[in-house]
Amino acid sequence: MTPDRPPGARTIALVGLMGVGKSTIGRRLAQALELPFRDADQEIEAAAGRSIPEIFAERGEAEFRAGERRVIGRLLQEPRHVLATGGGAFMDPQTRELMKHRAITVWLKAELDVMVRRVGRKTTRPLLVGRDSREVLQELMDRRYPVYAEADITVVTDDRPANAAVDAILAALAGRLEPAVG
Ligand code: S3P
């Protein structure tokens, strides 16, 4: 593995369940920090030339996770940025190790009701298709929360506007970051 980065120069990686607002909040956090923004799910789709539902349908979840691991590994070699990761990324032991060594990890956390409302009825998330999203998200909370808790920082987003979540992250990050280099 490539060496650790000093904490102040690390990418800020957002983890947390589907519907918690990682992409929206990540984009605004990047603006506030004047850093580039990357969305791991979009990068996986670009690398595969397929949408996430297509990758799951044609190749299965294990292949998706392998692609996710490769893509996040590549992104974490890039200069410091804000990185939104898919909800399962931090659950993969190798991806998690990499993120712990090369990023400052921020767990975004919200009430179940908030996430259920935010995921809505979209069919872009294979884990939710054909199932009750509340049930799935509750199962994932039970299974994933003990692991998400290993993130460096936890920020409760709940129903607050994205900017409030960004302020909370900035406050939690204070003192951990070096000024952005131009
Ligand atoms: C997943 C979350 C999704 C996407 C894929 C699997 C998960 O990303 O990576 O559908 O396992 O929780 P978001 O968390 O951005 O919805």
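Asker: How would you explain unusual backbone geometry if you had to name every residue and give the values?
Answerer: With a phi angle near 55°, Glu-34 is a residue other than glycine that sits in the positive phi range. Assignment of secondary structure puts Glu-34 in the loop between helix H1 (22-33) and strand S2 (37-39). Given the relative accessible area of 69%, Glu-34 is considered exposed. Within the chain, Asp-158 stands out as a residue other than glycine whose phi angle is a positive 40°. With respect to the secondary-structure elements, Asp-158 resides in the loop between strand S5 (153-156) and helix H8 (162-173). Exposure remark for Asp-158: the relative accessible area of 22% places this residue in the partly exposed category.

Asker: Please provide a residue-by-residue account of the site of the ligand, values included.
Answerer: Residues in close proximity to the ligand total 13 residues, the closest being Lys-22, Asp-41, Arg-65, Arg-125 and Arg-144. Between the ligand and the protein, one listed contact pairs an oxygen atom with a backbone N or O atom of Gly-87 at 2.8 Å. Here the ligand has 380 Å² of accessible area as a free molecule, and 95% of this is covered by the chains. Residues that form the shell around the ligand fall into these classes: five nonpolar, three polar and five charged.

Calculation rules
- Residues numbered from 1 in each chain as written.
- Predicted model: local features only at pLDDT ≥ 70, side-chain atom pairs only at ≥ 80, totals over all residues.
- Heavy atoms only, no water.
- Helix = DSSP H or I, 4+ residues; strand = E, 2+ residues; numbered from the N terminus.
- Buried < 20%, exposed > 50% of the residue type's maximum accessible area, 1.4 Å probe, protein only.
- Near = heavy atom within 4 Å.
- Polar contact = N/O pair within 3.5 Å; in protein donor to acceptor, adjacent residues only side chain to side chain.
- Areas by Shrake-Rupley, 256 points an atom, 1.4 Å probe, with all protein chains shown as cover.
- Nonpolar A, V, L, I, M, F, W, Y, C, P; charged D, E, K, R; others polar.

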